[in-house]
2 protein chains.
Amino acid sequence: MEFETILKIVGSLLAKGEISALRSLLSELNAVDTAAIMEELEPAERLRLFRVLPKDVSADVFSYLETDSQTELVGMINDKELENLMDEMFLDDTVDFLEEMPANVVTRVLRNTDAETRKTINRFLKYPDNSAGSIMTIEMVQLRDDMTAAQAIASIRRNGIDKETVYTCYVTDSTHKLLGAVPLLSLLMCEDETMVRDIMQNDAQLIYVNTLDDREEVAEIVKKYDLLSIPVVDNENRLVGIITVDDIVDVIEEEATEDIEKMGSLAPSDDEYLKTGVFKLVRNRIFWLLVLLVTGTLAGILIFLYNADGFVTDNIALIISMPLIMGISGSAGSQSSTLMIRGLLVGEIDTKDYFKIVFKEIRVAAVCAAVLGAVNLLRVFLPGTDGIKNCAVVSLAIFVSVTAAKLVGASLPIIAKALKRDPATVGGPFIQSLSDIISLAVYFGIAGAILN
Amino acid sequence: MEFETILKIVGSLLAKGEISALRSLLSELNAVDTAAIMEELEPAERLRLFRVLPKDVSADVFSYLETDSQTELVGMINDKELENLMDEMFLDDTVDFLEEMPANVVTRVLRNTDAETRKTINRFLKYPDNSAGSIMTIEMVQLRDDMTAAQAIASIRRNGIDKETVYTCYVTDSTHKLLGAVPLLSLLMCEDETMVRDIMQNDAQLIYVNTLDDREEVAEIVKKYDLLSIPVVDNENRLVGIITVDDIVDVIEEEATEDIEKMGSLAPSDDEYLKTGVFKLVRNRIFWLLVLLVTGTLAGILIFLYNADGFVTDNIALIISMPLIMGISGSAGSQSSTLMIRGLLVGEIDTKDYFKIVFKEIRVAAVCAAVLGAVNLLRVFLPGTDGIKNCAVVSLAIFVSVTAAKLVGASLPIIAKALKRDPATVGGPFIQSLSDIISLAVYFGIAGAILN
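Residues numbered from 1 in each chain as written. Chains lettered and ligands numbered in written order. Predicted model: local features only at pLDDT ≥ 70, side-chain atom pairs only at ≥ 80, totals over all residues.

Caption draft 1: Quick peek at the packing of helix α1 (residues 3-16) of chain B against helix α2 (residues 19-27) of chain B. All names here are of chain B. For the pair α1 and α2, interaxial distance at closest approach is 8 Å and the crossing angle is 155 degrees. One finds that α1 runs roughly antiparallel with respect to α2. At the point where α1 passes α2, the crossing takes the left-handed sense. Touching Ile9, Val10, Leu13 and Leu14 of α1 are Ala21, Leu22 and Leu25, all from α2. In the contact of α1 with α2, the residues fall into 7 nonpolar, no polar and no charged. (Axes fitted to C-alpha atoms, helices over the stretch in contact; angles between N-to-C directions. Helix = DSSP H or I, 4+ residues; strand = E, 2+ residues; numbered from the N terminus. Parallel < 35°, antiparallel > 145°, perpendicular 65-115°, else oblique. Left-handed = near helix turned anticlockwise from the far one by under 90°. Contact = placed C-beta atoms within 7 Å. Nonpolar A, V, L, I, M, F, W, Y, C, P; charged D, E, K, R; others polar.)

Caption draft 2: Quick peek at the interface of chain A and chain B. Every contact between the two is made by 102 residues of chain A and, on the other side, 101 residues of chain B. When residues in the side of chain A that touches chain B are grouped by element, the largest group, 18 residues, is from helix α17 (residues 278-306) of chain A. Looking at the side of chain A that touches chain B residue by residue, the class counts come to 59 nonpolar, 22 polar and 21 charged.

Caption draft 3: Up close: the sheet that holds strand β4 (residues 209-210) of chain A. Strand order across the open sheet formed by 3 strands is β4-β5-β6 (chain A), with mixed pairing between neighbours. Both edges of this open sheet fall to β4 and β6 (239-244) of chain A, since each of them pairs with a single strand only. (Pairing = 2+ DSSP bridges.)

Caption draft 4: Layout of unusual backbone geometry. We note that Asp226 of chain A has phi near 50 degrees; this positive angle belongs to a residue other than glycine. According to the C-beta neighbour criterion, Asp226 of chain A is partly exposed, with 18 such atoms within 10 Å. Phi angles above zero are rare outside glycine, and Ser265 of chain B is one such case at about 60 degrees. Tracing the backbone shows Ser265 of chain B in the loop between α16 (245-263) and α17 (278-306). Judged by the 27 C-beta atoms lying within 10 Å of it, Ser265 of chain B falls in the buried class. (Buried ≥ 20, exposed ≤ 12 C-beta atoms within 10 Å, placed from the backbone.)

Caption draft 5: Just the pairing of strand β6 (residues 239-244) of chain B, in detail. All names here are of chain B. Counting buried positions along β6 yields 6 of 6 residues, so the element is predominantly enclosed. Looking at chain direction, strand β5 (residues 229-233) and β6 are connected through 5 bridges and run antiparallel. What sits directly across from Ile230, in β6, is Ile243. Here β5 folds back onto β6, and the loop between the two strands holds 5 residues, one of which, Asn237, carries a positive phi near 65 degrees.

Caption draft 6: Broad picture of the nonpolar core. By size, the foremost hydrophobic cluster in this structure holds 106 residues, and its most contacted members are Cys169 and Ile243 of chain A together with Cys169 and Ile243 of chain B. Those residues within four positions of Ile243 of chain B in sequence are excluded, and the remaining contacts are Ala132, Ile135, Met136, Val218, Ser229, Ile230, Val232 and Ile248 of chain B. Ranked by size, the runner-up nonpolar core spans 95 residues in total, among them Ile320 and Ala405 of chain A together with Met326 and Ile438 of chain B. (Core = buried A, V, L, I, M, F, W, Y, C linked by C-beta atoms within 7 Å.)

Caption draft 7: Fine view of the relation of the copies chain A and chain B. Rotating chain A by 180 degrees about the axis while translating it 0.0 Å along that axis superimposes it on chain B, leaving an RMSD of 0.1 Å. Expressed as a symmetry operation, the mapping of one chain copy onto the other fits a two-fold axis. Within chain A, Thr313 of chain A has its C-alpha nearest the rotation axis, a separation of 2.4 Å. Same-surface contact between copies: 99% of interface residues of chain A are shared with the interface of chain B. (Least-squares fit on C-alpha atoms with pLDDT ≥ 70 in both.)

Here it is, written out as structure tokens:
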């Protein structure tokens, strides 16, 4: 059934108050789709639909609603309903939700949870942004190493239903220290009386992270080992949570967005464009624009200095090639820096490859620059370029400045990485403006030497 | 244990021929790490290590080796070993591997598989690049709707061990038509005699894709519904395979890399930088550089035309502000296009939001441009800028060209999307070079009107 059709039916059932028909229709739907339908309804209708859902489903649907709708809905339900909602929601979804809420909502939510949960939530809210702790969940299956497979499966059947993932179970000792991991499949495939400790992965095979590890590193590990979930331990090696692959998928996408934004001269931001105010959007953009104002001014000063005896103003052929040289060099530099930034991030290149990279970039730059320089000579047939000598000067300037821009573009991200900084900060606008200055200096230097 | 330590121990055990110690060490390791160790060894040593591994493990390790090592290793093993390897490897890994191999290796591999597998492999090799069919696997659990939960679990225990994922089982009828999906957890939690058809998700809840669907769309669906795997059907709605979340993670990362490369003036490429030849790297870069040569030439012609009566050459103050205006406008346009491209891709914005976006961009541009214009007036204290009137002209030009660049930058990706083209192709270098021309035209137009 099409989304629009379902939406229409839901609307008319709500209007007619046909609750049982509504309930049976909704029971056929996925929580993600139910949430999408709720988004389309008016607040009062949304509340009615929310109340029709079974408790566990409503918590699941709630976690897929957008922040605005969540805030609104929480403002409309009573304390008892809020308490039920918090009971049913996965802890990591609750924490995600609370992080977006205004202080008064957070206070009301915390007042309506039991002391134990409140303590856990407060601990979660304290994990730094972008840490493993901030994206983990505490809903998981913990087995003891002295259980048999049959006992383990019985324990999963007893406790497993509201665990976010049971497909990899984690084994701890009596002090909650992490000992190993065992896939549910292994438990199913072995004899009933096999000991958990005999089939669990341990030692070198056991992969885990610390609560304070960066979520980007966690994503790399999950990706590298094709995991469905990864255990998170505290500084005493006690199992405190797990991170599931669906949250890792979000991390990978958000990190890619951040890099893309940095390359596009933007301050990285998690906010959705359509929901972000004008001044916040300005704030994300103005920094790099002001930097470009400064570097553009520096380029201007460079031109002014070269023009000491009218060298620039006397020569229109020189002026009309400026945009061309700056444009080509900027992109040449940005090509190299893009490859390095992405390669460093996905682990395809390493700082120790630096000299190999420089040697390769010099060869690539030489070939590109030779092609561009040759094609540029065709411009001799255009008006204003003032003869083959001037065109040759431009070709030479392209050759040198493309090579320089590629070397700088390839080097800066690797140097940033070696200094433990984020390579993406020296991509995009940074390399573009730097290569503007380099290319103008190269151009006027060569032109001055040959034409004067 | 550290990787370097393990590597050293493996090396010395290999040298001494202590095979049983080696075997027990390797049994502690993850296939990913064993593959990483093999990468570090000499080809002959690599072959010896490969032969030490149990058959099923060696196939797993092989699928994690880099293409070069795979080719080399296949060239060194005999036909019997090749046949075993192909038997043990997951079909999707085999296909991935064959896609990278030269024709003679493919022929030899196909000669050493049974007729049935050969037919399947050939079918897989025919799925278009980037289609769901090209990344699916046929190793999965198929249940019949008339089984009981106990029968289903027995069937999984019997067949499940070499299935890539058993955690969501798919239910078909006798003609292999997809009827529903049932999580292994549901099978475990219910009574033994419950019928599979009574607990499976079907109708609106059942999510599946077609073999020919684009892998990027598949990734969006898996992400949206937080799935561990998704079933793939053919045009007759028959279940032909599944795609697992680990392959989706790779798709998301590769698609992000493609977009980043397009923004960085590069032709998208799957090849690792360090393994790509100089001429291939040149090929990926030269297109945009040549485009910029052309647009730079157009910008030059523009300057030449404006200079008809020496307007440009007479005025050094005009010339020294050119890099500044071009740089700021290029980045302003690239900021807007980046937000649109990413927003369209992750589904945060839609072509129907166009007018809302234009209105927002105009306001953001106005505020940014006002700030930049005001700061620009400070340049009056620098030599060469030639007084407040000239600076005011530049400020006005910044205002108009930033606004224009932002409008064009925001519009083009949305128009591309509406025309069913990839929005990323009009980002990065495209918008940069377009805004170079726009900003110079605006600048000289305003300067001509005010200063003449």
